[in-house]
Amino acid sequence: MKFGKYIDEQARPDWRDKYLDYGQLKQYIKEAVAQLESGSDEAAFSPRTTSLSVAKNANNSPESNFFNKLELEVKKISEFTEKLVKQLRAQTKALQAKVTNDKDHQHNNDLMQEAQRLGDEFLSLEKYVNLNYLGFHKILKKHDKLMPHTPCRQFYITHLHQQPWVQGNYSDVLVHLSNIYSDLRGDTSGVKNEDSAQGFVRSTTKYWVRTQDATSVKHHILQHLPVFQFKKDDTKDENGPDNQLINSVYLDNSSMELYHGRLDKKPSALAIRIRWYGSPEPGDSVFVERKTHRESWKGEESVKDRITLPKAKIVDFLDGSYTLDMAIKEGRFKTDTDKETFKKFFQEVQQAVDSKQLRPMIRTQYNRAAFQVPFDATVRISLDTNLAMIKENTDGQPVGLLHRWYRDPNQPIPRTDITRFPHAVLEVKLSLPEGQVAPEWVTDLTESGFLTEVHKFSKFIHGTATLLPDMIAAVPYWIDDESVRPSMLQSAGYRDIHQAE
């Protein structure tokens, strides 16, 4: 099917004149090609000088008309998107006020239907944006194919990426809807766990979600679980985004021992990482985390634990010069149990770093939207988007010699040092009494067609297999999936992956 017909069939009738005028742009390209073939293209010559006092004749060539029309279409779509987002924000705010005033819950059904309508409207707007964005890509590709002497696609795509309707984050609308649904359901928080040992177990199933389906998945989830969104002072930020940036730097050694242990699911296989939240660079303190694999068939569950350390002490912690006594002296502990747990973790991880000669190898970076009733672990869901994996410590030197444990943010990242994953990653975590099945809405989500289950998918394993193929002896099964191949080919290291198979 021709794209012009496709966009016409997919267009929402009451918005029809707001879509990209693909047919007219295509016509201008045809006219420009005909003019070029006839040898009458006056625009082909452009003088290298101009004058501020000499008027120029209007350039009405077909190609000039194409670019003028292109700019008008960008402006039209931008203005329409901003107008609808403004309306949605006003409507969700008004609906929140109605929900708050309906103290007796007499109008719950009507209010729930209105929330559903606003969510559907947001999804319609996202479809509108995606159709137009795809249309720009296609018309620019057609232009460069038929008029290779004046290529413009690369420049104009960069220009498009700067547009508010492409770059803008309108997830605050979903945050408001999440709060509305939560109030209508009457969600209540569980009891906060004050156990600072941070030891917990999880039953997790992982899925890939196509980027274009991420908002539909979010909308389905927030009708049943609220966005888990808190600021540092534990107050909700209703006007903020629905996600948080997470960076994790994973440690390994020259034989990739931890990678192979996690890949093979060996008993007690470790993953050790340094994690921080909310900004591209770490703040004053970071989390040092350890994940330990357990055999589920033995009735055991994998365990994750962590401690907090000052960012400035991480290099010294990794090379052993920051001792336990120093950390205890500087630390603050609520109870003696907290202190003993900290001491045990500190010693075990520092010993593992030293004996295995671990160093930073791979970083994962993504935006995470989490859905959960606060402090209730029955159903927890996270959706990670904008997922990238980055090489750390590309020189292979001990951190003590480099005097840093993460790469210099002021230095550009070469193409061969980064891979961008093409899908969002959804994790469904259940903590249910024995014999109890998952809620029906969770089953509906997993069977919706939006999700592809990828058993034991790991961001760390995928990043390592893609960026460090010459250091590994085996690769994960999912690298043969055609949907991830293009992103892996962007890294030059991918050409060597099959040598490891």
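Scope of this entry: the structure provided in the associated data block. (Residues numbered from 1 in each chain as written. Predicted model: local features only at pLDDT ≥ 70, side-chain atom pairs only at ≥ 80, totals over all residues. Heavy atoms only, no water.)

1. A look at unusual backbone geometry
Trans peptide bonds make up the majority, and among non-glycine residues the majority have a negative phi.
Turning to step 1, where the next piece is worked out: A positive phi angle, close to 55°, is found at asparagine 386, a residue other than glycine.
Turning to step 2, where the next piece is worked out: Turning to its location among the elements, asparagine 386 is positioned in strand β8 (residues 379–391).
Turning to step 3, where the next piece is worked out: For asparagine 386, a relative accessible area of 59% corresponds to the exposed category. (Helix = DSSP H or I, 4+ residues; strand = E, 2+ residues; numbered from the N terminus. Buried < 20%, exposed > 50% of the residue type's maximum accessible area, 1.4 Å probe, protein only.)

2. Here's the deal with the pattern of salt bridges
Turning to step 1, where the next piece is worked out: Taken as a whole and judged by the stated rule, the model has 28 salt bridges.
Turning to step 2, where the next piece is worked out: Notably, a salt bridge pairs glutamate 73 with lysine 69, separated by 3.3 Å at the nearest N-O pair. With glutamate 73 and lysine 69 both in helix α3 (residues 62–101), this residue pair falls four residues apart, about one helical turn.
Turning to step 3, where the next piece is worked out: Residue class for glutamate 73 comes out buried when judged on its relative accessible area of 3%.
Turning to step 4, where the next piece is worked out: Lysine 218 is the salt-bridge partner of aspartate 242, the closest N and O atoms lying 2.9 Å from each other. (Salt bridge = Lys/Arg side-chain N within 4 Å of Asp/Glu carboxyl O.)

3. A closer look at a positive patch on the surface
Turning to step 1, where the next piece is worked out: Among the surface-exposed residues, Lys138, Lys141, Lys145 and Arg153 lie close enough to one another that they form a single positively charged patch.
Turning to step 2, where the next piece is worked out: For the positive patch, the leading source of residues is helix α4 (residues 108–146), giving three residues.
Turning to step 3, where the next piece is worked out: Its location among the elements puts lysine 145 in helix α4. (Patch = residues over 30% accessible without salt bridge, like charges linked within 9 Å, V, L, I, M, F, W, Y side chains within 5 Å. Areas by Shrake-Rupley, 256 points an atom, 1.4 Å probe, with all protein chains shown as cover. Lys, Arg positive; Asp, Glu negative; His and termini not counted. Charge placed at Lys NZ, Arg CZ, Asp CG, Glu CD.)

4. Thoughts on the nonpolar core
Turning to step 1, where the next piece is worked out: If you look at the biggest cluster of nonpolar residues, it comprises 67 residues, and the most contacted ones within it are Ile381 and Leu426.
Turning to step 2, where the next piece is worked out: Among the elements that take part in this core, α4 stands out by supplying eleven residues, more than any other.
Turning to step 3, where the next piece is worked out: Dropping the residues within four chain positions of it, isoleucine 381 is found in contact with Ile221, Leu225, Ala369, Ala370, Phe371, Leu426, Glu427, Val428, Trp441 and Leu445.
Turning to step 4, where the next piece is worked out: Core analysis: the next-biggest nonpolar cluster, separate from the first, contains 28 residues, Leu318, Tyr322, Leu324 and Tyr406 among them. (Core = buried A, V, L, I, M, F, W, Y, C linked by side-chain atoms within 4.5 Å. Contact = heavy atoms within 4.5 Å.)

5. A short note on the packing of aromatic side chains
Turning to step 1, where the next piece is worked out: Under the defined criterion, the tally for this structure stands at 24 aromatic pairs.
Turning to step 2, where the next piece is worked out: Judged by centre distance (5.1 Å) and plane angle (65°), the ring pair of phenylalanine 3 and tyrosine 22 falls under edge-to-face. Of the two residues, phenylalanine 3 sits in helix α1 (residues 3–10) while tyrosine 22 sits in helix α2 (residues 22–38), which places them 19 residues apart along the sequence.
Turning to step 3, where the next piece is worked out: Accessibility expressed as a relative area gives 10% for phenylalanine 3, which makes it buried.
Turning to step 4, where the next piece is worked out: Residue tyrosine 22 is classed as buried on the basis of its relative accessible area, which comes to 6%.
Turning to step 5, where the next piece is worked out: Following the ring pairs from residue to residue traces out a cluster consisting of Trp208, Phe421, Phe457, Tyr477 and Trp478. (Phe/Tyr/Trp six-rings, centres within 6.5 Å; stacked < 30°, edge-to-face > 60°.)

6. Here's the deal with the side chain of aspartate 252
Turning to step 1, where the next piece is worked out: Here aspartate 252 shows up in strand β3 (residues 244–252).
Turning to step 2, where the next piece is worked out: No salt bridge is formed by the buried aspartate 252. Its closest oppositely charged neighbour is arginine 359, at 8.3 Å.
Turning to step 3, where the next piece is worked out: At a separation of 2.8 Å, a polar atom in the side chain of aspartate 252 contacts the main-chain amide nitrogen of tyrosine 259.
Turning to step 4, where the next piece is worked out: Not counting chain neighbours up to four residues away, the residues in contact with aspartate 252 comprise Glu257, Leu258, Tyr259, Gln357, Leu358, Arg359, Met361 and Phe460. (Polar contact = N/O pair within 3.5 Å; in protein donor to acceptor, adjacent residues only side chain to side chain.)

7. Digging into the packing of α2 against α3
Turning to step 1, where the next piece is worked out: The contact between α2 and α3 brings their axes to 8 Å, and the two run at 160°. In terms of orientation, α2 and α3 fall into the roughly antiparallel class. Between α2 and α3 lies a crossing whose hand is left-handed. In contact with Gln24, Leu25, Tyr28, Ile29, Glu31, Ala32 and Gln35 of α2, α3 contributes Pro62, Glu63, Asn65, Phe66, Lys69, Leu70 and Glu73.
Turning to step 2, where the next piece is worked out: Partitioned by chemical class, the residues of the contact of α2 with α3 number seven nonpolar, three polar and four charged. (Axes fitted to C-alpha atoms, helices over the stretch in contact; angles between N-to-C directions. Parallel < 35°, antiparallel > 145°, perpendicular 65-115°, else oblique. Left-handed = near helix turned anticlockwise from the far one by under 90°. Nonpolar A, V, L, I, M, F, W, Y, C, P; charged D, E, K, R; others polar.)

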